[in-house]
Amino acid sequence: MQEEGNMIEINDVTAVRLKNMYPTMKIAGYYVHQGFFEWNGATPLYNGVNFTVHTHFGTSCELLLFHNGEDEPYAVLPFPEEFKIGDVYSMMVYNLDISKFEYAYRIDGPYEPANGHIFDKTAVLLDPYAKSVACQGRWGVKPSHYHARVVSDNFDWRNETQSTRSMSDLVIYELHVRSFTQNENSGVKHRGTFAGLQEKIPYLKELGINAVELMPVFEFDECMNAREVDGKQLLECWGYNTVSFFAPNVEYASVDEKNNAGRELKELIRELHKNDIEVILDVVFNHTAEGNERGPFFSFKGFDNQIYYMLTPDGNYYNFSGCGNTLNCSHPIVQNLVTESLRYWTINYRVDGFRFDLATILGRNEDGSPMNNPPLLRSLAYDPVLSRVKLIAEAWDAGGMYQVGSFPASKRWAEWNGRYRDVMRGYLKGENWMAHTAMMSICGSIDLYGGFEHDSDRYAGYDSCVNFFTCHDGFTLYDLYAYNDKHNENNGWHNTDGTDDNHSWNCGAEGDTSDPEVLKLRYRMIRNAVAVLMCSRGTPMFLAGDEFGNTKFGNNNSYCQDNEISWLDWSLLDKNQDLFQFCRFMIHYRMEHVVIRKRLPDAVCGMPRLKVHAPDARVTEKLPYDMRTFGVCFAGYDSDKGKDDLVYLAVNSDWEDVYITLPDLKQMGEWYLSADTYGDEKGHCCFHELQEKRITHGYTLRARTVAVFTGRQF
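Now for a quick tour of the structure. Please read these numbers as outputs of a predicted model, since none were measured by experiment.

## Thoughts on the overall build of the chain
Now for step 1: Counting secondary structure elements, the chain contains 16 helices and 30 strands.
Now for step 2: The C-alpha atoms of the chain give a radius of gyration of 27 Å, which matches the 27 Å a tight globule of 714 residues would have.
Now for step 3: By its C-alpha atoms, the chain is 90 × 55 × 50 Å across when sized along the principal axes.
Now for step 4: Counting only residues that meet the buried cut, the chain has 63% of its 714 residues in that class.
Now for step 5: Of the contacts formed within the chain by residues at least 6 apart in sequence, a portion of 72% connects residues at least 24 apart.
Now for step 6: For the chain, the accessible area works out to roughly 27000 Å², and carbon and sulfur atoms hold 48% of it.

Following this line, the structure appears as structure tokens:
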């Protein structure tokens, strides 16, 4: 049974129930009936709308109906007691046109701040399960209130099937929807929107990535803490301050979608899938935009403050998120909210995975202490709807908990490998005491995720760790080699915000320079990072714009910079086309050589599957822990190609040239040079996509250079 306007499908049992449901009373001029208690949120049906909401400590509930865009309700419908089962209120309201109203709630209950109860029967509350948030739509303009819209979901997914690609086969491209195309030189029609990102799909295909990780697209408040610094308005544009966990950010749509909220995002996801690109959403279940005691009061605080947030014994907010409050993910009601949200995005938006911001918070008890086997993390790992989506944890939080390598994974969760980032940054710039850990990191952080001889593909970071040098939080890859220190003065906090532990190096000049030698070194260092990242076991991820040298001018905490600091400068794509082509080559090289990504059967040539080497690969004794130059060899038999797959990565972090020898292929083949990051006299890189150079004896690895070799059998 369907209705043309709402287009909500219902099963036969529900259809029978609806046919037998007749209004039992009239409230505020509307005929109503006891609703469907199992449907959270507002659900459109052919003969009305079902509203369901719950509060444990609240004592009464009112449904408020508003004309679109108006502050005062035109109808207030108190829920009768017979419309309540347990803590759940549910009411079917007949003859409502979903295009002509917005809705909200009012909840009465005790006001006992010391016990965590701060109910206010006059406060207008946004439905925690709202599928669309009204009163938004103008970027940078603070809404006076939050109402919800009822959403009609009639999107045609055209029988698309769910991806079965493994984590280790992904190359993840992290981007911010608005900043990606907001610059005038982005070349798109719909700048800063889902539609604008869709226009860039051919570019993403050319680059070769096969997964995009979208920074938060849930409805958020960019005007939180809005202020002016040096004549510029600063907005919290990153989106890590969630307003609703079920609603897409309407300001990211190029048109007013009204009751079809999310259609443009769905079209984007469908087109990305059509082009074999997966979609991972960055989700923030550790805090909300309601902040602390001085923060706004618009949703969760009014429904059950004591349940939704972690509270101190005196009723204040724990702040393990660093953003004012912390969601109480140890409570079953919050766990249910999180699970329903993830299921909703998986089913209705067909997303392929989720990256969890400050994920260790999801494993904290109500008093903030870490749990050994957190129920939420376990239930998400084994949830049947989520069984094939990727689950990626940022395995640390602002409260000091750091679980990289020890996150409660249940053999399902991957982790952002923060240690890989720090170690590889340090080693490539010359911190040679990190050599041993750098070798292990390239091999898949085997010291964190398992040893060489383990038989499972789960070991050694194949599907456990996400390797990265850069992400939204910190320097861009260009800035990593252009600045010794952060330059966040434009943020208005006297350069006190953002991390000081960057492992960066300006290559001889701080910031902008015209010195050709400094510039050549910078771009070489960038290429070194790209080559190493793409030849490391685990899942590589990099920040949008790194492939053409995008800069944030030394700002390593650009969360509030909705301007040229954050917007990608697409003119750099032409300027640094050789860098783009190198990144493109290395991505394609990784995809061509499955031995980098997976453990293969033993190579026919007899070489070990995975081995680290001294500059002279014939050296067999134990390697020192402070080597400035080393090699990593990947070997295995690729049954699909019917031959060995052999890759040798050589890394020289020394300031002098080093002569290296490669492992002996035992007269079964020869090594060929595939890439050398040193570059020519103008700094352009040497990589050989078609005409590779045969290496007969050894090879001189130039100072601060990475080379990639491919073994070929006779």
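## Quick word on the packing of helix H13 (residues 516–534) against helix H15 (residues 577–592)
Now for step 1: Direction vectors running N to C along H13 and H15 enclose 15°, while the axes themselves pass 9 Å from each other. Of the possible angle classes, the one that applies to H13 and H15 is roughly parallel. For the element pair H13 and H15, the recorded crossing hand is right-handed. Each of Tyr523, Ile526, Arg527, Val530, Ala531, Leu533 and Met534 in H13 lies in contact with H15, whose residues at this interface are Leu579, Phe582, Cys583, Met586, Ile587 and Arg590.

## Side note on the pattern of salt bridges
Now for step 1: Following the criterion strictly, the structure yields 28 salt bridges and no others.
Now for step 2: Two residues, arginine 343 and aspartate 383, come together in a salt bridge whose shortest N-O distance is 2.7 Å. Remark: aspartate 383 occurs in the loop between helix H8 (375–382) and strand E18 (390–393) and arginine 343 occurs in helix H7 (residues 332–348); sequence separation between them is 40 residues.
Now for step 3: Its relative accessible area of 6% is what places aspartate 383 among the buried residues.

## Observations regarding helix H6 (residues 300–308)
Now for step 1: Counting buried positions along H6 yields 8 of 9 residues, so the element is predominantly enclosed.
Now for step 2: Those residues of H6 that sit buried are Phe300, Lys301, Gly302, Phe303, Asp304, Asn305, Ile307 and Tyr308.
Now for step 3: Residues of H6 that are buried in the fold lie against strand E4 (48–54), strand E9 (102–108), strand E11 (117–118) and H7.

## So, the environment of threonine 437
Now for step 1: You can see threonine 437 is positioned in helix H10 (residues 435–442).
Now for step 2: The spacing of threonine 437 and methionine 424 is 13 residues in sequence and 8.6 Å in space, taken between C-alpha atoms.
Now for step 3: When near neighbours in sequence (up to four residues on either side) are disregarded, threonine 437 contacts Arg419, Val423 and Asp447.

## With respect to the sheet that holds E18
Strands in a sheet are paired, the pairing made by backbone hydrogen bonds, and the direction either parallel or antiparallel.
Now for step 1: Within the closed barrel, the 8 strands sit side by side as E12-E13-E16-E17-E18-E19-E20-E21. Their pairing is parallel. Ignoring which end each strand starts from, the neighbouring axes of this sheet average 25° apart.
Now for step 2: Of the strand pairs in this sheet, strand E13 (residues 211–214) and strand E16 (residues 278–283) are connected by 4 bridges, and their pairing is parallel. What sits directly across from alanine 211, in E16, is glutamate 278.

## Considerations on the side chain of asparagine 210
Now for step 1: Among the structural elements, asparagine 210 can be located in the loop between helix H4 (201–207) and E13.
Now for step 2: The class for asparagine 210 is buried, based on a relative accessible area of 7%.
Now for step 3: Within the local environment of asparagine 210, its side chain forms a polar contact with the backbone oxygen of aspartate 169, the two atoms lying 2.9 Å apart.
Now for step 4: Here the side chain of asparagine 210 touches valine 171 through a polar contact of 2.7 Å, landing on its backbone nitrogen.
Now for step 5: The contact partners of asparagine 210, leaving out residues within four places of it in the chain, are Arg165, Asp169, Leu170, Val171, Asp276, Ile277, Glu278 and Met591.

## Considerations on the nonpolar core
Now for step 1: Membership of the largest hydrophobic core comes to 204 residues, with the highest contact counts inside it found for Phe51, Tyr103, Tyr173, Phe356 and Met586.
Now for step 2: In terms of residue count, the dominant contributor to this core is H13 (11 residues).
Now for step 3: Sequence-distant contacts of methionine 586, that is, excluding residues within four places in its chain, are made with Val530, Ala531, Met534, Cys535, Ala675 and Val708.

## With respect to the side chain of lysine 486
Now for step 1: Along the polypeptide, lysine 486 turns up in the loop between helix H12 (477–480) and H13.
Now for step 2: Looking at lysine 486, the relative accessible area reads 5%, which means it is buried.
Now for step 3: Within the structure, lysine 486 has its side chain in polar contact with the backbone oxygen of asparagine 495 (distance 3.3 Å).
Now for step 4: Among the polar contacts listed, one links the side chain of lysine 486 to the backbone oxygen of aspartate 497, at a separation of 2.9 Å.
Now for step 5: Every residue in contact with lysine 486, bar those within four places of it in the chain, is listed here: Phe475, Asn495, Thr496, Asp497, Gly498, Thr499, Asp500, Asn502, Gly554 and Asn556.

## A closer look at the environment of tryptophan 493
Now for step 1: Checked against the element boundaries, tryptophan 493 lands in the loop between H12 and H13.
Now for step 2: Along the sequence, tryptophan 493 and glutamate 271 sit 222 residues apart, while their C-alpha atoms lie 41 Å from each other.
Now for step 3: Excluding residues within four positions of it along the chain, tryptophan 493 makes contact with Arg227 and Tyr559.
Now for step 4: A polar atom in the side chain of tryptophan 493 sits 3.0 Å from the side chain of tyrosine 559.

## Topic: H8
Now for step 1: The complete set of buried residues in H8 reads Leu376, Leu377, Leu380 and Ala381. In an axial view of H8, the angular spread of the buried residues amounts to 135°, which keeps them on one side of the axis.
Now for step 2: Of the surrounding elements, those touching the buried residues of H8 are H7, strand E17 (353–356), E18 and strand E19 (413–416).

## Some points on the packing of helix H9 (residues 418–428) against H10
Now for step 1: Their axes nearest at 9 Å, the elements H9 and H10 cross at an angle of 125°. The orientation of H9 with respect to H10, classified from their angle, is oblique. The element H9 and its partner H10 pack so that their crossing is left-handed. Facing H9, whose interface residues are Arg419, Tyr420, Val423, Met424 and Tyr427, H10 presents Ala435, Thr437, Ala438, Ser441 and Ile442.
Now for step 2: For the contact of H9 with H10, the per-class residue count stands at 7 nonpolar, 2 polar and 1 charged.

## Notes on the packing of aromatic side chains
Now for step 1: On inspection of all chains with the given rule, the structure shows 47 aromatic pairs.
Now for step 2: Ring centres of tyrosine 344 and tyrosine 349 lie 6.0 Å apart, and the angle between their planes is 65°; this geometry places the pair in the edge-to-face category.
Now for step 3: Under the relative-accessibility criterion, tyrosine 344 is labelled buried at 13%.
Now for step 4: The buried category is assigned to tyrosine 349, whose relative accessible area is 0%.
Now for step 5: One cation-aromatic arrangement involves lysine 131 over phenylalanine 246; the distance from NZ or CZ to the ring centre is 5.2 Å.
Now for step 6: Against the face of tyrosine 349 rests lysine 266, its NZ or CZ located 4.8 Å from the ring centre.

## Considerations on the sheet that holds strand E5 (residues 60–66)
Now for step 1: If you walk across this open sheet you meet the 3 strands as E6-E5-E9, and the pairing is antiparallel. Two strands in the sheet have a free side with no partner beyond their single neighbour: strand E6 (75–78) and E9. Between one strand axis and the next, the sheet turns through 25° on average, direction left out of account.
Now for step 2: Relative to E6, E5 runs antiparallel, the two being bridged by 4 bridges. In the strand pairing of E6, leucine 63 is matched with leucine 77.

How each quantity is defined
- Residues numbered from 1 in each chain as written.
- Predicted model: local features only at pLDDT ≥ 70, side-chain atom pairs only at ≥ 80, totals over all residues.
- Heavy atoms only, no water.
- Helix = DSSP H or I, 4+ residues; strand = E, 2+ residues; numbered from the N terminus.
- Rg over C-alpha atoms; globule rule 2.2 N^0.38 Å.
- Buried < 20%, exposed > 50% of the residue type's maximum accessible area, 1.4 Å probe, protein only.
- Contact = heavy atoms within 4.5 Å.
- Areas by Shrake-Rupley, 256 points an atom, 1.4 Å probe, with all protein chains shown as cover.
- Axes fitted to C-alpha atoms, helices over the stretch in contact; angles between N-to-C directions.
- Parallel < 35°, antiparallel > 145°, perpendicular 65-115°, else oblique.
- Left-handed = near helix turned anticlockwise from the far one by under 90°.
- Salt bridge = Lys/Arg side-chain N within 4 Å of Asp/Glu carboxyl O.
- Pairing = 2+ DSSP bridges.
- Polar contact = N/O pair within 3.5 Å; in protein donor to acceptor, adjacent residues only side chain to side chain.
- Core = buried A, V, L, I, M, F, W, Y, C linked by side-chain atoms within 4.5 Å.
- Arc of directions from axis to C-beta.
- Nonpolar A, V, L, I, M, F, W, Y, C, P; charged D, E, K, R; others polar.
- Phe/Tyr/Trp six-rings, centres within 6.5 Å; stacked < 30°, edge-to-face > 60°.
- Lys NZ or Arg CZ within 6 Å of the ring centre and 35° of its normal.

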